[in-house]
Amino acid sequence: MKTTLLLLMTFFSITYIQAQKAILLENFNLIDGTGRDLQKNKSLLIRADTIHSIFNYGDKILIDDFETIDMSGKYLLPGLIDGHTHLATDPSSNNTISIVEKQLKFMLAHGITGVRDMGGDARLLSYLSRQALLDEIESPDIYYSVIMAGPRFYSRDNRVNRGSKGVNVGEAPWMQSINTNTNIELAIAKAKGTGAIGIKLYSDLNEEMIKNITEEARKQGMLVWAHAAIFPVLPSLIVNADVNALSHAALWSSEQLVHAAEKGKRPVIDTVLNNSAPKLEKLAILMAQKNIFLDPTVIVFKNAKPTSIYNNGLLATKIAFSNGVKLTLGTDRPYDVENSEEIPLIEEMEALVRDAHIPAIEVIKAATKNSADLLNIGDYVGTIETGKKANILVVDKNPLDDMRNLLEVFKVFKNGAVVKGAN
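Residues numbered from 1 in each chain as written. Predicted model: local features only at pLDDT ≥ 70, side-chain atom pairs only at ≥ 80, totals over all residues. Heavy atoms only, no water.

1. Some words on helix H14 (residues 360-374)
Heads up, the condition is: Here a strand is any run of E in DSSP of at least two residues, a helix any run of H or I of at least four, and the numbering for each starts at the N terminus. Expected span, for any helix, means 1.5 Å times one less than how many residues it has. The seven residues ending at a residue and the seven starting there each receive a fitted axis; the angle between those axes is the bend at that residue. Each residue gets one of three labels from its accessible area relative to the maximum for its type: buried under 20%, exposed over 50%, partly exposed in between, using a 1.4 Å probe on protein chains only.
Helix length check: H14 (15 residues) gives 20 Å between terminal C-alpha atoms against 21 Å at 1.5 Å per residue, within 8%. Of all the bends in H14, the largest measures some 45 degrees and sits at Ala366. By the criterion of burial, H14 is predominantly enclosed, with 11 of the 15 residues buried. Three or more residues of H14 are buried, namely Ala360, Ile361, Val363, Ile364, Ala366, Ala367, Thr368, Asn370, Ser371, Ala372 and Leu374.

Next up, the structure:
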């Protein structure tokens, strides 16, 4: 019976895919997400949920039945990925399902087809992730993490109370309190059981704990993402533990401001970071060798006092990029569904070009290919290539001239289908 049902489901799935009319996107300018230069006068064929072929405008089309969308003068690029969100910190108040679904729909309509959530209630995230994956709601695909931190964090940060209601603080599988007596193997197994793909190392952990968590996570097939500094553990020690990514360039800059930590105090990240930063340059080279990504999140520090915190983050990002570190893009900020002119991810991209002087083509690569590669989904999304999922953003004007041109959305596709909210 089960075999018969499986065969019927497979038959109807294949029949449905074959019945879908292909879509020809004709005569656009291509930014493919790989960092290659802009390619003019290209066309692309979507079949089912996949990029079937990419070719020069005017070339012969190899199938007969398709719908044509004229994109003359438009700019096509991969769907964007916000690599640092918090969708479920407070599911009983600010992050109810109805509120979050509106935010997700808003994000998708603006070309964001994937998000990396950096810690919240996994019960809600698991539900939303399934809904998004199956396109049962209009939403970016959601990849989420669990938080691991020391006991002191759980005693002083009220967010963990809001994000783990119904479970003793520090005991939820998605928000675990870690100490020297913790069974790390079991802790990782519990984390994996939530459906999370990554572990976020947040606060109050020592160097040995960080190494033990990272080693066991790798054995169990999970990624590890960390704050760039888990004071008093500095970035270099976290890098030596072989985590997959660090967040917050302003914290990463503390490696250069190590004098405070040497006295047993918290490093002062608002000390002005000079252009000459040999410790950061050395660390960046090591990160590049180890293929450890950096998620700068510069804009979240834009209004921090003093302004040196923001400037340190910008300079640290530039140093990392200049020494071969792969950047991903995240915001660590909420999305206001009533304000279509202030999209946090686009503001982050704009700041990296304008203030950190990262080339625009590389900023787009950070928000697409690099972010997908960090999540281990780069074989499926993140670039415009034959055989990949048709997650596509089309805008009216060239974002390489001005990142705010990404606000001029013409169409968004997710899994080969036009996103209704984008029209």
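2. Considering the pairing of strand E8 (residues 141-149)
Note the threshold: Criterion used throughout: strands pair if DSSP finds at least two bridges between them.
Burial analysis of E8 places nine of its nine residues in the buried class, which makes it a mostly covered element. Because side chains alternate across E8, one face comprises the buried residues Asp141, Tyr143, Ser145, Ile147 and Ala149, and the other comprises Ile142, Tyr144, Val146 and Met148, equally buried. As paired elements, strand E7 (residues 112-117) and E8 share four bridges and run parallel to each other. For Val115, the partnering residue across the bridge sits in E8 and is Ile142. With four bridges connecting them, E8 and strand E11 (residues 198-201) associate as parallel partners.

3. Things to note about the packing of helix H6 (residues 184-193) against helix H7 (residues 207-219)
Axes are the key here: two packed helices are described by the angle between their axes and the distance separating the axes. As a reminder, the rule being used: Every axis in this analysis is a line fitted to C-alpha atoms, fitted for helices over the stretch in contact. Angles between the N-to-C directions lie between 0 and 180 degrees. Oblique is the label for any angle not covered by the other classes, which are roughly parallel (under 35 degrees), roughly antiparallel (over 145) and roughly perpendicular (65 to 115). When the near helix sits turned anticlockwise from the far one by under a right angle, the crossing is termed left-handed; a clockwise turn instead gives a right-handed crossing. Throughout, a residue-residue contact means that at least one pair of heavy atoms, one from each residue, lies within 4.5 Å. Each residue is assigned to one class: nonpolar for Ala, Val, Leu, Ile, Met, Phe, Trp, Tyr, Cys and Pro, charged for Asp, Glu, Lys and Arg, and polar for all the others, Gly among them.
Two elements in contact, H6 and H7, have axes separated by 9 Å at closest approach and are oriented at 55 degrees. As judged from the angle between their axes, H6 and H7 are oblique. The handedness of the crossing between H6 and H7 is right-handed. Judged by residue contacts, Ile184, Glu185 and Ile188 of H6 engage Asn212, Ile213, Glu216 and Ala217 from H7. Along the lines of polarity and charge, the residues of the contact of H6 with H7 split into four nonpolar, one polar and two charged.

4. What to know about the packing of helix H2 (residues 97-109) against helix H3 (residues 122-133)
Look at H2 against H3: their axes get within 12 Å of each other, and the N-to-C directions meet at 45 degrees. Between H2 and H3, the angle falls in the class oblique. As H2 runs across H3, the sense of the crossing is right-handed. Residues Ile97, Val100, Glu101 and Leu104 of H2 touch H3, and the partners they reach there are Leu124, Tyr127 and Leu128.

5. Looking at the layout of surface pockets
The following threshold applies: With a 1 Å grid laid over protein atoms only, a set of points is called a cavity when a 1.4 Å probe fits there but cannot get out and a pocket when it is open yet has protein on both sides within 12 Å along at least five of seven lines; lining residues have an atom within 4 Å of a point. Grid points are joined across faces, edges and corners, and a volume is the space filled by probe spheres set on the points.
Taken as a whole, the largest pocket encloses approximately 560 Å³ of empty space. Taken together, 27 residues form the lining of the largest pocket, with Arg159, Tyr202, Ser203, His227 and Leu251 sitting closest to its centre. For the lining of the largest pocket, the secondary structure elements donating two or more residues are helix H4 (151-156) and helix H5 (159-163). Top contributing element to the lining of the largest pocket by residue count: H4, with three residues. Within the lining of the largest pocket, the residues separate by chemical class into 14 nonpolar, six polar and seven charged.

6. Here's the deal with empty space enclosed by the protein
In this approach the atoms are scanned with a rolling probe the size of a water molecule, which exposes any empty space left behind. Tallied over the entire structure, the rule returns three cavities of 30 Å³ or more. What lines the largest cavity is simply Pro78, Gly79, Ile81, Thr113, Gly114, Asp141, Tyr143, Ile377, Val381, Gly382, Lys389 and Asn391. Looking at the lining of the largest cavity, the elements with two or more residues in it are E7 and E8. Along the lines of polarity and charge, the residues of the lining of the largest cavity split into five nonpolar, five polar and two charged.

Everything listed here is a matter of geometry and, on its own, says nothing about what the molecule does.
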